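An overview of the molecular structure
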Amino acid sequence: MDFKFSSINLWCTKNLVDTQYLLGKIFTLTEKEPGIQAKYYSDPYDKEVDFVFLNTCGFISSARDEAAHTLEKLLEKRKSVYLLGCAVQYYKDINKTENPLFEGKKNVYTISRNDFENISLKKLLQGYNSTDYKDFEFTTSPRVYTNIDHKFEYLKIAEWCDNNCSFCIIPKIRGKQKSLPIETIIQEAKNMITNGIEEIILIAQDTTRYGTDLYGKPALFELLQEIDKLKGNFKFRLLYLYPDILTLDHLKKLTTLKKFLPYFDIPLQHISAPLLKKMWRFYNEEAVYQFLDFIKSNFPNGYMRTNIIIGFPGETDDDQQKLITFLQKDYFDNIALFEYHDEPYAASSKLPNKIDDTTLKQRFIQADDIVDKILTKKDQQRKGKSEIGYIMDIKQKKDKNFVEVRPSIHCPEIDAYDTISLEQITGVENNKTELEIGDKISYIV
């Protein structure tokens, strides 16, 4: 009997890691149940697919809407759907009064980590449904590396969050931070390197506070030093450096690491001290400028990215102007702007002095125009310069081949890729004559 299945991972790379462990677990189950053959399909809408595992995101309304929309599309195609992830937790643990995901729907099931420790494919075929939902957190199961062809993969070092930013409900959904032991992370890193992964991307909700729950204090830089000692042809980068406890001493330690990619993902959200206080972000303008200047001075080939919220409750014209002045100082290589919206169950939704829609749109357009000019100028300055990167895709248009390349400093799935002709390639690693996805090349932008 065949267990024909597929998966969809929405939004989050931390969820993606869970999905990869889930896939590994399913293939492991087939070894215990020889009468059932698991067949995976990359296209969840393929007519042969019977079951789809849908890993959801739930920390903002648009993510929950996407989960509901995706589920409806799958049900229209007569798929049986197993739900997991944040949106399931949101409706089971936070908002119990409405449940558009799985309430009253046939062929929709929920499944959790605890279930999967003892589950069987036979139970899944029969439509097993979890009653006591808990989030996935596989650490010992086999894992399917879905990005291996592109030579990168994510390494989750912690899950959940101890911060209580006023605009965020993740701690309510996920709970307190839980870090993996350094030894466990190092073993997984070794597995990645052995499997040919050349770029390891460390992720958590807040990487800066890694290890606080295990060791009584942050242990991120001790972890990085251990990763840096590993042998092999690889580099590593770090996402989501929470600025509250990021210090110059931390940044100085990064300068000593040989395999660290100088990529700084620092979600500042704003620069105005009064707004940061309302966001429950505990750093000030002077500290921000200090560590941004340090990065510029000590990592000349570094890359900085940040997130900014426009229109937070109580934001004044002066706050907006301070933000514009800050953005124009040209620290960042990538800036993600978000319009504020009230998220139910987030503390900020109860704040007074909400920004009206017209003003919010005007402020967003103003900031977006500034950001667009900055990033366009940076992109133009790259033209004609030499880069090293990884081939993400090979395309053909009007009988001519083009290659989509991720510059090595750019983060997968976040930063822009370059589309170049074959004539722009100046070298291929190992002097290969036939290009493949994942090849490392040098090229002229």
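Description of the structure in this document. Everything numeric here is computed off the predicted structure, so don't read it as measured data.

Here's the deal with the pairing of strand β2 (residues 37–40)
Across four bridges, the pairing between strand β1 (residues 2–9) and β2 is parallel. Paired with K4 across the two strands is K39, which belongs to β2. The parallel pair β1 and β2, bridged by helix α1 (residues 13–32), forms a crossover whose chirality is right-handed.

A look at unusual backbone geometry
The backbone of E413 shows a phi angle near 65°, a positive value even though the residue is not glycine. Along the chain, E413 falls in the loop between β15 (400–407) and β16 (418–421).

Considering the sheet that holds β15
Spatially, five strands are ordered β16-β15-β14-β18-β17 in an open sheet, and the strand pairing comes out antiparallel. In this open sheet, the two strands that pair with only one neighbour each are β16 and β17 (425–428). The average angle at which neighbouring strand axes cross in this sheet is 45°, direction not considered. Relative to β16, β15 is paired through four bridges, and the arrangement is antiparallel. Within β16, the residue paired with V403 across the bridge is I420.

Concerning the pattern of salt bridges
Overall, the coordinates contain 28 salt bridges when judged by the stated rule. The partner of E226 in a salt bridge is K229, with the nearest N and O atoms 3.1 Å apart. You can see E226 and its partner K229 sitting in helix α9 (residues 220–229), three residues apart, about one turn around the helix. The exposure class of K229 is exposed, given its relative accessible area of 59%. For K395, the salt bridge goes to E404, with nearest N and O atoms at 3.7 Å. Within this structure, D18, K156, E159 and R174 form a network of salt bridges that share partners.

Notes on the packing of aromatic side chains
One pass over the full model with this rule turns up 26 aromatic pairs. For the pair F53 and Y82, a centre-to-centre distance of 5.3 Å together with 15° between the ring planes defines the contact as stacked. Pair noted here: F53 is in strand β3 (residues 51–56) and Y82 is in strand β4 (residues 80–85), with a separation of 29 residues, a long-range link. Since its relative accessible area comes to 1%, F53 is described here as buried. In this structure Y82 comes out as buried when scored by relative accessible area, which is 0%. Ring plane angle 45° and centroid distance 6.0 Å describe the contact between Y240 and Y242, whose orientation is recorded as tilted.

Structural notes on the nonpolar core
When a protein is soluble and globular, its nonpolar side chains tend to lie buried together. Counting 73 residues, the largest nonpolar core has I200, F264 and F326 as its most contacted members. With residues near it in sequence (within four places) discarded, F264 still touches L241, L251, L254, I295, F299, Y303, M304 and R305. Core analysis: the next-biggest nonpolar cluster, separate from the first, contains 24 residues, Y41, L71, L74 and V108 among them.

Considerations on the sheet that holds β3
Taken together, five strands build an open sheet; the order of strands is β2-β1-β3-β4-β5 and the sheet is parallel. Both outer strands of the open sheet, β2 and β5 (108–110), are each paired with one neighbouring strand and no more. Pairwise comparison of adjacent strand axes, ignoring direction, gives a mean angle of 30° for this sheet. Where β4 lies against β5, three bridges are found, and the strand directions are parallel. Paired with L83 across the two strands is T110, which belongs to β5. With respect to the sheet, helix α2 (residues 61–76) is in contact with β1, β3, β4 and β5, its orientation differing from that of β3 by roughly 175°. Across the sheet, helix α3 (residues 86–94) lies against β3, β4 and β5, angled at about 80° from β4, the strand it touches most.

Let's talk about the side chain of R143
With respect to the helices, strands and loops of the structure, R143 is situated in the loop between α5 (121–125) and β6 (152–156). A distance of 2.5 Å separates a polar atom in the side chain of R143 from the backbone oxygen of Y154. Aside from chain neighbours lying at most four places away, what touches R143 is V17, Q20, Y21, G24, E153, Y154, E188 and M192.

A few points about the side chain of N147
In this structure, N147 sits in the loop between α5 and β6. Beyond its immediate sequence surroundings of up to four residues, N147 is in contact with L16, Q20, F152, E153, Y154 and E413.

Things to note about the environment of I185
Structurally, I185 can be placed in helix α7 (residues 182–194). I185 sits in the buried class, given a relative accessible area of 1%. Sequence separation between I185 and L83 is 102 residues, and the spatial gap between their C-alpha atoms is 27 Å. When near neighbours in sequence (up to four residues on either side) are disregarded, I185 contacts L155, I157, L180, Y210 and L223.

Overview of the environment of L74
Structurally, L74 can be placed in helix α2. Of the residues examined, L74 reaches a relative accessible area of 0% and is grouped as buried. For the pair L74 and L54, spaced 20 residues apart in sequence, the C-alpha to C-alpha distance is 9.6 Å. Every residue in contact with L74, bar those within four places of it in the chain, is listed here: I8, P44, Y45, V52, L54, K79 and V81.

Rules and cut-offs
Residues numbered from 1 in each chain as written. Predicted model: local features only at pLDDT ≥ 70, side-chain atom pairs only at ≥ 80, totals over all residues. Heavy atoms only, no water. Pairing = 2+ DSSP bridges. Helix = DSSP H or I, 4+ residues; strand = E, 2+ residues; numbered from the N terminus. Right-handed = clockwise from strand over helix to strand, strands pointing away. Axes fitted to C-alpha atoms, helices over the stretch in contact; angles between N-to-C directions. Salt bridge = Lys/Arg side-chain N within 4 Å of Asp/Glu carboxyl O. Buried < 20%, exposed > 50% of the residue type's maximum accessible area, 1.4 Å probe, protein only. Phe/Tyr/Trp six-rings, centres within 6.5 Å; stacked < 30°, edge-to-face > 60°. Core = buried A, V, L, I, M, F, W, Y, C linked by side-chain atoms within 4.5 Å. Contact = heavy atoms within 4.5 Å. Polar contact = N/O pair within 3.5 Å; in protein donor to acceptor, adjacent residues only side chain to side chain.

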